[in-house]
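What the coordinates show
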Protein chains: 2
Amino acid sequence: MRLVIALGGNALLKRGEPMTADAQRANVRIAARALAPLALHHEIVITHGNGPQVGLLALQGAAYQEVEAYPLDVLGAQTEGMIGYLIEQELGNLLPPDKPFATILTQIEVDRDDPAFRDPTKPIGPLYEKHEAERLAADKGWSVAPDGDKFRRVVPSPRPKRVFEIRPIRWLLEQGCLVICAGGGGIPTMYDKDGKLRGVEAVIDKDRASGLLARVLDADSFIMLTDADAVYSDWGVPHQRQIRRASPQAMREMSFAAGSMGPKVEAACEFAEVTRNSSGIGSLVDVEAILTGRAGTTVTAEAEGIDLA
Amino acid sequence: MRLVIALGGNALLKRGEPMTADAQRANVRIAARALAPLALHHEIVITHGNGPQVGLLALQGAAYQEVEAYPLDVLGAQTEGMIGYLIEQELGNLLPPDKPFATILTQIEVDRDDPAFRDPTKPIGPLYEKHEAERLAADKGWSVAPDGDKFRRVVPSPRPKRVFEIRPIRWLLEQGCLVICAGGGGIPTMYDKDGKLRGVEAVIDKDRASGLLARVLDADSFIMLTDADAVYSDWGVPHQRQIRRASPQAMREMSFAAGSMGPKVEAACEFAEVTRNSSGIGSLVDVEAILTGRAGTTVTAEAEGIDLA
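For every chain, the first residue of its written sequence is number 1, and the numbers climb from 1 along that sequence. Naming scheme: in the order in which they are written, chains are lettered from A and ligands are numbered from 1. Owing to the predicted nature of the model, reporting of local features is limited to residues with pLDDT of at least 70; listing and counting of side-chain atom pairs is limited to 80 or more, with chain, interface and lining totals taken over all residues. For side-chain calculations, the full set of non-hydrogen atoms in the structure is used, while hydrogens and water are omitted.

Each helix is a run of H or I in the DSSP string that is no shorter than four residues. Each strand is a run of E no shorter than two, and both are numbered from the N terminus. The helix and strand inventory of chain A stands at nine helices and 17 strands. For chain A, the C-alpha atoms occupy an extent of roughly 50 × 50 × 45 Å along the three principal directions. By the burial criterion, 58% of the 309 residues in chain A qualify as buried. By definition, residues are in contact when any of their heavy atoms lie within 4.5 Å. Here the contacts in chain A between residues at least 6 apart in sequence split such that 75% fall between residues at least 24 apart. Each accessible area value is a Shrake-Rupley result obtained with a 1.4 Å probe; residue values ignore everything except the protein chains displayed when judging cover. With the model as given, the accessible surface of chain A reaches about 12,800 Å², and the carbon-plus-sulfur share is 49%. We count Lys and Arg on the positive side and Asp and Glu on the negative side, and we leave His and both chain ends out. The location of each charge is read from NZ of Lys, CZ of Arg, CG of Asp or CD of Glu. Separation of charge centres in chain A, based on 34 positive and 42 negative side chains, amounts to 1 Å. Residue burial is assigned from relative accessible area. The probe radius is 1.4 Å, only protein chains are included, and a residue is buried under 20% of its type maximum, exposed over 50%, and partly exposed in between.

For the rest of this paragraph, the subject is the pattern of salt bridges. Residue and element names in this part refer to chain A. Any carboxyl oxygen of Asp or Glu within 4 Å of a side-chain nitrogen of Lys or Arg constitutes a salt bridge here. For the structure on display, the rule yields 44 salt bridges over all chains. Measuring nitrogen to oxygen at the nearest pair gives 3.8 Å for the salt bridge that ties Lys161 to Glu109. Pair noted here: Lys161 is in strand E8 (residues 160-163) and Glu109 is in strand E4 (residues 107-110), with a separation of 52 residues, a long-range link. For Lys161, a relative accessible area of 45% gives the class partly exposed.

Glancing now at unusual backbone geometry. A positive phi is found at Arg276(A), a non-glycine position, where the angle reads about 65 degrees. Considering the arrangement of structural elements, one finds Arg276(A) in the loop between helix H8 (261-275) and strand E15 (278-283). Residue classification places Arg276(A) among the exposed positions, given a relative accessible area of 55%. Phi is positive for Asp218(B), close to 50 degrees, though the residue is something other than glycine. Relative to the helices and strands, Asp218(B) is located in the loop between helix H6 (206-216) and strand E12 (221-226).

Per-residue pLDDT for chain A has a mean of 94; in total, 100% of the residues score no lower than 70. Model confidence for the complex is summarised by a pTM of 0.97, with the ipTM given as 0.96. Per-residue confidence from the predictor is reported as pLDDT, which spans 0 to 100.

Tallying the contact residues gives 54 residues for chain B and 55 residues for chain A. When two parts are brought into contact, each loses some accessible area as probed by a 1.4 Å sphere; the total of that loss over both is the buried area. Between chain B and chain A, a total of about 4,600 Å² is buried, with carbon and sulfur atoms accounting for 61% of that surface. One can count four salt bridges joining chain B with chain A. A salt bridge links Asp73(A) to Arg25(B), with the shortest nitrogen-to-oxygen separation between them at 3.5 Å. Between N or O atoms, a polar contact is any pair within 3.5 Å; within protein, one atom must be a potential hydrogen donor and the other a potential acceptor, and residues adjacent in sequence are included only when both atoms are from side chains. Our count for the chain B to chain A interface comes out at 20 residue pairs in polar contact (both at pLDDT 80 or more). Only helix H1 (21-41), helix H2 (51-63), helix H3 (72-92), strand E3 (101-104), helix H5 (166-174), strand E10 (187-191) and strand E11 (197-199) of chain B provide two or more residues apiece to the side of chain B that touches chain A. Ranked by the residues each element gives to the side of chain B that touches chain A, the list is headed by H3(B), at twelve residues. In terms of residue class, the side of chain B that touches chain A is made up of 27 nonpolar, 15 polar and twelve charged. Any residue outside Ala, Val, Leu, Ile, Met, Phe, Trp, Tyr, Cys, Pro, Asp, Glu, Lys and Arg is labelled polar, Gly included; the first ten of those are nonpolar and the last four are charged.

Attention now goes to the sheet that holds strand E5 (residues 122-128) of chain B. All names here are of chain B. At least two DSSP bridges between two strands are needed for those strands to be called paired. The three strands lie next to each other as E5-E7-E6, forming an open sheet whose pairing is antiparallel. Of all strands in the sheet, those bounded by a partner on one side alone are E5 and strand E6 (143-147). Taken over all neighbouring pairs, the strand axes of this sheet differ in orientation by 40 degrees on average, direction set aside. The strands that helix H4 (residues 130-140) touches are E5, E6 and strand E7 (150-155); relative to E5, the one it contacts most, it runs at about 125 degrees. Between N-to-C directions, angles cover 0 to 180 degrees, with each direction set by a line fitted to C-alpha atoms, over the stretch in contact for helices.

With 21 residues, H1(B) extends 30 Å between its outermost C-alpha atoms, agreeing within 8% with the 30 Å of an ideal straight helix rising 1.5 Å per residue. Largest kink in H1(B): about 40 degrees, centred on Leu35(B), with the proline Pro37(B) one to four residues after it. In this analysis, the expected span of each helix is defined as 1.5 Å times one less than the number of residues it contains. Fitting one axis to the seven residues ending at a residue and another to the seven starting there, the bend at that residue is the angle between the two axes.

Turning to empty space enclosed by the protein, a few remarks are in order. Grid points spaced at 1 Å and placed over the protein atoms alone form the basis of the search, with a cavity being a set where a 1.4 Å probe fits but cannot get out and a pocket an open set showing protein on both sides within 12 Å along at least five of seven lines. Lining residues have an atom within 4 Å of a point. Grid points are joined across faces, edges and corners, and a volume is the space filled by probe spheres set on the points. All chains considered together, the criterion is met by three cavities of 30 Å³ or more. Volume-wise, the largest cavity comes out at about 60 Å³. In this structure, the largest cavity is lined by Glu80(A), Gly81(A), Thr103(A), Ile104(A), Leu105(A), Glu80(B), Gly81(B), Thr103(B), Ile104(B) and Leu105(B). For the lining of the largest cavity, the elements supplying multiple residues, two or more each, are helix H3 (72-92) and strand E3 (101-104) of chain A together with H3 and E3 of chain B. Grouping the constituent residues of the lining of the largest cavity by class yields four nonpolar, four polar and two charged. Counted as a void, the second largest cavity has a volume near 40 Å³. Surrounding the second largest cavity, Gln60(A), Leu57(B), Ala58(B), Gly61(B), Ala69(B), Tyr70(B), Leu75(B) and Gln78(B) form its lining. Where the lining of the second largest cavity is concerned, the elements lending two or more residues are H2 and H3 of chain B. Considering each element in turn, the lining of the second largest cavity owes the most residues, three residues, to H2(B). Looking at the lining of the second largest cavity residue by residue, the classes come out as five nonpolar, three polar and no charged.

Another point: H2(B). Between its first and last C-alpha atoms H2(B) spans 18 Å; for 13 residues at 1.5 Å apiece the expected length is 18 Å, and the two agree. Those residues of H2(B) not exposed but buried are Gln53(B), Val54(B), Gly55(B), Leu56(B), Leu57(B), Gln60(B) and Gly61(B). As for H2(B), its buried residues are in contact with helix H2 (51-63) and H3 of chain A together with H1 and H3 of chain B.

Here it is in C-alpha cells:
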C-alpha cells in the first residue's frame with residue numbers, strides 16, 4: 001500500500017519542552033519507532049509540521065541584528081532541511097541498511113486570488129505587547145491580531161494548489177524509497193506578474209498540503225497523527241464522544257475547531273471523496289491500528305453516517 | 001552528458017556583501033543564468049558551499065540565548081534546505097516549466113579513524129579575542145586556533161566515504177531531473193558504537209564531497225566553479241601562469257593553497273584518474289567554455305604534462 005502520513009507538531013516537540021536539537025531528536029526518535037514497522041511493508045511518504053521551528057528561527061534572526069531576518073519562505077526551507085534530516089536519520093537507524101530514503105524540498109503553488117490573502121488568520125511567532133505589535137506592523141508591514149491579552153503576527157493561510165516536486169516524489173516511491181516532503185505544509189510560492197515563481201509570506205496548512213499530496217499520489221491511505229487519539233463530537237464537553245468511523249458527508253455536517261481539528265477533518269473528507277480510499281486521524285502510538293480502522297477516526301466514503309465509540 | 005557542478009561560495013555571496021536573503025537570491029539568480037543553458041541539454045547535479053550561511057545561523061543561534069544553539073549537523077541540514085530552495089526556484093524560473101527538479105538532503109559518512117579528527121583545521125564562525133576563544137573552548141569543548149591576531153573555532157574536515165542518498169540521486173537523474181544535493185559538503189555522519197548513524201561536529205570539504213559524488217555517479221565531467229578563472233602555477237607572484245590543461249600526475253607534482261585551490265585540484269585529479277573523464281576548474285561565467293576545455297583549467301588523464309597559457 002501507498003501511505004501518506006502527516007506528523008503533527010507534537011511528534012517533534014511536546015508542549016512546554018525546550019526547543020533544543022536534543023529534545024527534538026528525542027521526539028523524532030519516538031515517532032520513528034512508531035513508523036518503522038509500517039515502512040517495512042508499505043510505500044511511505046512522511047510530511048510534518050514546522051511551527052515551533054520556524055518560530056525559533058525567527059526569534060534567533062531577530063536577536064542577531066546585524067543581518068535582516070529572513071522571510072518566511074526561506075525559514076520554511078531551512079526547517080524542511082533540518083526536520084527532514086532528523087526524521088531521515090532516526091528512521092534510517094531502525095530500518096534495514098539497504099532501505100533508500102529521500103528528503104525532498106517541496107515548493108507548493110498557491111493562488112494569488114485566494115481569499116486568505118485578504119484575511120490573514122494564521123498566528124506565527126512570539127507574543128507581543130500591543131505597542132510593540134503595532135510598531136512591528138508599521139515597520140515590517142505585518143498584520144497582527146490579538147491573542148489573549150497580547151498580540152501576534154498573523155499571516156495568510158492559502159489553499160495549496162500544486163506540489164511542484166510531485167514527479168520526483170512519485171518516481172522515488174516507485175523505486176521503493178521512503179520519501180519525506182512537504183514539511184511545514186510546503187514552501188508557499190506564487191507566480192508574479194512576470195511569470196516567475198516567488199516565495200510568499202504565508203503558511204500553508206500542513207494537513208491541507210499533505211492531503212493534496214495524498215490525493216495526487218493516489219495514496220491507499222492518508223493518516224494524520226496528532227495530540228488527540230481521535231476526532232470527537234462535542235469535544236471538550238462532558239458528553240464528548242469519539243468518532244470511530246464516518247462518511248465525509250456526515251463529517252461535513254459537524255463543526256470542528258478551525259485552527260486544529262477543522263483542517264484535518266476537511267483534508268480527510270476531501271481525500272476520501274476524491275480517492276474513495278480511507279483517511280485516518282489519531283495518535284502516533286496507534287498508527288498501525290489507525291491504518292486498519294482499529295483506532296482513531298476513519299473517514300471513508302464506504303461508511304454510512306457516523307459510528308461513535 | 002552527465003555533469004556534476006560544484007558552486008563555490010561566491011556564487012551565493014560575494015565577499016563583503018550583507019548576508020541578507022535578498023543578496024543571496026540575487027547571486028543565485030546570476031548563477032542560475034550561467035547554468036540554465038547547460039541544463040537544457042545535459043543531466044545536471046548541482047552542489048554548493050554553505051560556509052557563510054552556517055556562520056550566520058550559528059551567530060543567530062548564539063544571539064538568542066533562551067535555546068541552546070544547534071549543532072553543526074543540524075545547521076548544515078538547515079542550509080541545505082535554504083540554499084537548495086533558492087537554487088531550485090531561480091533555475092526553475094529559467095527552464096521550461098516541465099523540467100523536473102529535486103533538492104535532496106544529503107548525509108555523507110565519514111570514518112571515525114580519519115586523521116582529521118585528531119587535527120581539527122577547518123575554521124568556522126566568527127573571529128574571537130583570545131580570552132573569549134579560550135572561554136568558549138573550555139565551555140563548549142571547541143578547538144580554537146589563531147587567525148591573524150584573533151582566534152576562530154576549528155573543526156575536523158574528514159574525507160567523505162559514502163553518500164547515503166546516492167540511489168535516489170541516480171534514479172532522479174535517470175528520469176531527467178535536475179538534482180541539487182550535497183550542499184556544504186553534505187551532512188557529516190558516522191556510525192556510533194551501537195551501529196546508529198549520528199551527525200558529527202565536522203565539515204566535509206565541498207569539493208571533496210562533490211568529487212566523490214561525481215565519481216560514484218560516473219559523471220562525464222566534474223566542474224568546480226570558484227572566484228578564480230583557472231588554476232595558476234606560482235599563484236600570486238609576477239610570473240604566475242594559468243594552467244590550461246594538465247594530467248592528474250602533473251598536477252600532483254605541484255603545490256596549491258591548502259584551504260582553497262588545494263582540495264579542488266585534489267578532487268579534480270581523483271575524478272580524472274578514477275573515471276578517465278575530465279574535470280574543470282574556473283569561473284561561473286565561463287562554465288560552458290570550461291566544459292569544452294576553452295576556459296578554466298582542465299584536468300584529464302589524456303593530457304601529457306602541463307599546458308600553460
